[in-house]
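What follows is each chain in one-letter form.
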Amino acid sequence: MGRADTGGMPDLVPPMQAATGDLPTGPGWAVEFAWDGLRAVAYARPGRVRLLTARDRSVTSAFPELHVLAGKAPRRGVILDGTVVALDDAGVPSRRLLMRRTATQRPSATLVADVPVGFFVSDLLWLDGEATTALPYRRRRELVDDLGLAEQPVVLSPSWPANDAGHVLATARRYGLDGVYAKRLDSAYQPGRRSRNWLRVPLRQSRQVVVGGWTPASPERPDTVAALLLGVPGPAGLRYVGRVGIGAGAPRAAVTALLPDLGTGEPAFAGEVPAGVARDARWAVPRLVGQVEFTEWTAGGRLRLPVWRGLVAPEDVEDGLWDDVFADDGHSDDGHWDDRRWDDGVAVEGHPVDLDGPGEPPAPAAAPPAPAPAAEPPAAAAPQVQARRLEQHFVYNSLNTIASLVRTDPGRARELLLGFADLTRAADRPTDDTITLRDELDSVRAYLQLEQARFGKRLTAAVSSAPGIDDVAVTPLEVLAQVRAVVQEVVEPRPEGGAVTVAAAADGEHCVDTITETATGRTWAVRPAAATLR
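Residues numbered from 1 in each chain as written. Predicted model: local features only at pLDDT ≥ 70, side-chain atom pairs only at ≥ 80, totals over all residues. Heavy atoms only, no water.

Participant: Can you walk me through the overall build of the protein in this structure?
Facilitator: Helix and strand content of the protein: 11 helices and 26 strands. In the protein, which comprises 534 residues, the proportion classed as buried is 53%. Across the protein, the fraction of contacts at a sequence separation of at least 24, relative to all contacts at a separation of at least 6, is 71%. Roughly 22800 Å² of accessible area belongs to the protein as shown, and the carbon and sulfur atoms make up 50% of that amount. (Helix = DSSP H or I, 4+ residues; strand = E, 2+ residues; numbered from the N terminus. Buried < 20%, exposed > 50% of the residue type's maximum accessible area, 1.4 Å probe, protein only. Contact = heavy atoms within 4.5 Å. Areas by Shrake-Rupley, 256 points an atom, 1.4 Å probe, with all protein chains shown as cover.)

The following block contains the structure:
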């Protein structure tokens, strides 16, 4: 424990650090998502909150919406370990949005409203006058789960038993996360220490890279290739991100046949290449693009454990290749946001930050365009469809509901978690994309199941479609947006709740989705613009 304030609660508890490792097998472990955000410890007591980063820098004023913790704290205080997370419109943690919030210590009301954040709680270090760090993790989780914190913008990160680890990993991939944590159930919290009782298990990622050179197999044979030197284009030019062996067989032959003709005397990389690599390097004109898999980005901006998967055809080169979002992205070795930028007084987007006083917030991003209005209902005016694809409160409510079910109904919790991950993937599709009606109705079912878990008996729901129309093309979220509006604006305000049915049917050459709230007898019709029967 760190120093204690006048009320007995420590004013500093250095956060425990995770070691990188493989997913443990056997009982005795719990598995959680590794949320992409800013690691922070919250010190809360009635009327007061302090929020410190992993390097003990105060960011209390940077996140005013997290002051709600003061209203939930017991009389002698609580200390919570967690992560500050900014979600995008699809409900997925967003580095870019968090960068906007960390660009100032004094955000404007506009910025707070435009880019809200949540605090995802994962551990309990102090509770109402007593240290909890010596308690086993299993007991600390029980205590924090019973505190009643699970309400926007606070999320209790779901913690799963080890036998659900494969399920959690699969869901993390579908949800777009880059890792999970494994924690020993009988382990104490070790402030400031890195321990193998807490493992960060990275998921393998894949991306395209540019070949900027190679290292020869031997100095006597400079045209032979032992490893490729990889880069990612950025604002300053090609940034070196590491080297990778290319093995044997067809992938190797494809590269070695092309590289010698691309040799040049000038380095292709704009920044520094490690001296041990540059000494033997052969430089190449950066024309070849390849695919690599890797576990994560290091704090120095390098690919960790890359594996070469072959060349990419010119027509398959992704636009995102030219967007170096991982360049100096502010992440630490354990996957959390690295707060050294706060220490340096430099914000992540280059805006100066005064750590002792107010700073100028960046200009807020333009508000997302409102979706096309739903078709006019035959029996009632349509509730207003929200502009955000997945509302923050829905995401927070869903995760908190799932976390509460892990102990009482783990089977249902697993089902809801998969549905939630699929729903966020659906919400992340481009607005000009098309999907099948079957996929759209699956998203509707996933949404209604999550809301039913939260509403309990206050909400019943049914979704059906007529034969022969499941493969009709529709715009993503076109039906779901109207269903959400009905649940949020018609069912939720009524103490007795309601019942929602969604029925898809053919209507001449088109498809119509009829949404009915049976408790009020109101009906809405959605005619997907792309849904033409042939």
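Participant: Looking at this model, I keep getting lost on the pairing of strand 3 (residues 38-45). Mind explaining?
Facilitator: Residues in a regular strand project their side chains so that they alternate between the two faces of the sheet. For strand 3, the buried fraction is high: 8 of the 8 residues fall into the buried class. Here strand 3 shows two buried faces, one formed by L38, A40, A42 and A44 and the other by R39, V41, Y43 and R45. Pairing geometry for strand 3 and strand 5 (residues 78-86), over 7 bridges, is antiparallel. Looking at the pairing, A44 lines up with V78 of strand 5. With 6 bridges connecting them, strand 3 and strand 4 (residues 48-53) associate as antiparallel partners. (Pairing = 2+ DSSP bridges.)

Participant: I would appreciate a short explanation of the environment of L135 in the present structure.
Facilitator: As for its position among the elements, L135 is in the loop between strand 7 (130-131) and helix 3 (137-145). Between the C-alpha atom of L135 and that of A188, which follows or precedes it by 53 residues, the distance is 5.6 Å. Not counting residues up to four positions away in its chain, the partners in contact with L135 are R140, L143, S187, A188 and Y189.

Participant: Looking at this structure, I do not really get the side chain of T215. What am I missing?
Facilitator: Relative to the assigned elements, T215 resides in strand 12 (residues 205-215). A residue is classified by how much of its surface remains accessible, and T215, at 9% relative accessible area, is buried. Apart from residues no more than four positions distant in its own chain, T215 is found in contact with T224, V225, A226, A227, L229, R243, V277, D280 and A281.

Participant: What should I look at first to understand the nonpolar core in this one?
Facilitator: Most often, soluble globular proteins have nonpolar side chains that are buried together. The biggest cluster of nonpolar side chains holds 63 residues, and the ones touching the most others in it are V483 and V502. Per-element tally for this core: the top contributor is helix 10 (residues 437-455), with 8 residues. With sequence-adjacent residues up to four places away left out, V483 is seen in contact with V444, Y447, L448, V502 and I515. By size, the runner-up hydrophobic cluster in this structure holds 31 residues, among which are A44, L111, V117 and L156. (Core = buried A, V, L, I, M, F, W, Y, C linked by side-chain atoms within 4.5 Å.)

Participant: Could you clarify how one ought to interpret the sheet that holds strand 26 (residues 522-526) in this entry?
Facilitator: Backbone hydrogen bonds hold the strands of a sheet together, and the pairing may be parallel or antiparallel. Ordered in space as 22-24-25-26, the 4 strands form an open sheet in which the pairing is mixed. Because the sheet does not close on itself, it has two edges, and the strands there are strand 22 (459-465) and strand 26. Going across the sheet, the axis of each strand differs from the next one's by a mean of 15°, ignoring polarity. As judged from the 8 bridges shared by strand 24 (residues 498-507) and strand 25 (residues 510-517), these two strands associate in the antiparallel manner. Residue pairing for strand 25: T501 is matched across the bridge by T516. Its contacts with the sheet place helix 10 against strand 22, strand 24 and strand 25, and it is angled at close to 170° to strand 22. Across the sheet, helix 11 (residues 478-491) lies against strand 22, strand 24, strand 25 and strand 26, angled at about 15° from strand 25, the strand it touches most. (Axes fitted to C-alpha atoms, helices over the stretch in contact; angles between N-to-C directions.)

Participant: Would you mind showing me how to read the packing of helix 8 (residues 392-408) against helix 10 here?
Facilitator: The relative placement of two packed helices comes down to the angle between their axes together with the axis-to-axis distance. One way to put it is that helix 8 packs onto helix 10 with a least axis distance of 9 Å and a crossing angle of 65°. Two packed elements cross with a definite hand, and for helix 8 against helix 10 that hand is left-handed. On the side of helix 8, the interface is formed by F394, N397, S398, T401, I402 and L405, while helix 10 contributes Y447, L450, E451, A453 and R454. Per-class residue counts for the contact of helix 8 with helix 10 are 6 nonpolar, 3 polar and 2 charged. (Left-handed = near helix turned anticlockwise from the far one by under 90°. Nonpolar A, V, L, I, M, F, W, Y, C, P; charged D, E, K, R; others polar.)

Participant: Which parts of the structure should I look at to understand the packing of aromatic side chains?
Facilitator: When we look at a pair of aromatic rings, we describe it by the centre distance and by the angle of the planes. On inspection of all chains with the given rule, the structure shows 10 aromatic pairs. Grouped by ring-pair contacts, the aromatic residues F33, W35, F120, Y175, Y396 and F420 constitute a single cluster. A cation sits over an aromatic face here: K183 above W198, 4.3 Å from the ring centre. (Phe/Tyr/Trp six-rings, centres within 6.5 Å; stacked < 30°, edge-to-face > 60°. Lys NZ or Arg CZ within 6 Å of the ring centre and 35° of its normal.)

Participant: Quick question: what am I supposed to make of the pattern of salt bridges here?
Facilitator: Between side chains of opposite charge, a pair can form as their charged atoms come close. All told, the structure shown has 23 salt bridges when counted by the stated rule. Between D507 and R527 there is a salt bridge whose closest N-O contact spans 2.4 Å. Note that D507 is positioned in strand 24 and R527 in the segment after strand 26, a separation of 20 residues in sequence. Taken together, the shared-partner salt bridges in this structure form one network comprising E32, R141, D145, D146, K183 and R407. (Salt bridge = Lys/Arg side-chain N within 4 Å of Asp/Glu carboxyl O.)

Participant: Sorry if this is basic, but what is going on with a negative patch on the surface here?
Facilitator: A contiguous patch of negative charge on the surface is contributed by E315, D316, E318 and D319. In this fold, D316 is placed in the loop between strand 20 (307-311) and helix 7 (340-344). (Patch = residues over 30% accessible without salt bridge, like charges linked within 9 Å, V, L, I, M, F, W, Y side chains within 5 Å. Lys, Arg positive; Asp, Glu negative; His and termini not counted. Charge placed at Lys NZ, Arg CZ, Asp CG, Glu CD.)

Participant: Could you clarify how one ought to interpret helix 8 in this entry?
Facilitator: With 17 residues, helix 8 ought to run about 24 Å at 1.5 Å a step, and its terminal C-alpha atoms sit 25 Å apart, in line with that. Counting buried positions along helix 8 yields 13 of 17 residues, so the element is predominantly enclosed. (Expected span 1.5 Å × (residues − 1).)

Participant: Just checking my understanding: could you explain the packing of helix 4 (residues 165-175) against helix 9 (residues 410-427) for this structure?
Facilitator: Orientation of helix 4 relative to helix 9, taken along the N-to-C sense of each, is 15°, at an axis distance of 8 Å. Compared by their axis directions, helix 4 and helix 9 come out roughly parallel. Relative to helix 9, helix 4 is oriented so that their crossing is left-handed. On helix 9, the residues touching H167, T171, R174 and Y175 of helix 4 are R414, L417, L418, F420, A421, D422, T424 and R425. (Parallel < 35°, antiparallel > 145°, perpendicular 65-115°, else oblique.)

Participant: What's the story with the pairing of strand 17 (residues 289-294) in this structure? I'm lost.
Facilitator: For strand 17, the tally of buried residues reaches 5 of 6 residues, placing the bulk of the element in the interior. Bridge count for strand 12 against strand 17 is 6 bridges, and the pairing is antiparallel. Residue pairing for strand 17: V210 is matched across the bridge by V289. Pairing of strand 17 with strand 20 involves 3 bridges; the strand directions are antiparallel.

Participant: I keep staring at the sheet that holds strand 11 (residues 194-202) and nothing clicks. Help me out?
Facilitator: Read from one edge to the other, the open sheet built from 5 strands follows the order 1-11-10-2-9, with strand pairing classed as mixed. Looking along the sheet, the strands with just one partner apiece sit at the ends: strand 1 (17-20) and strand 9 (159-161). Going across the sheet, the axis of each strand differs from the next one's by a mean of 40°, ignoring polarity. Where strand 1 and strand 11 come together, 4 bridges link them in parallel fashion. The partner of T20 across the bridge, within strand 11, is R200.

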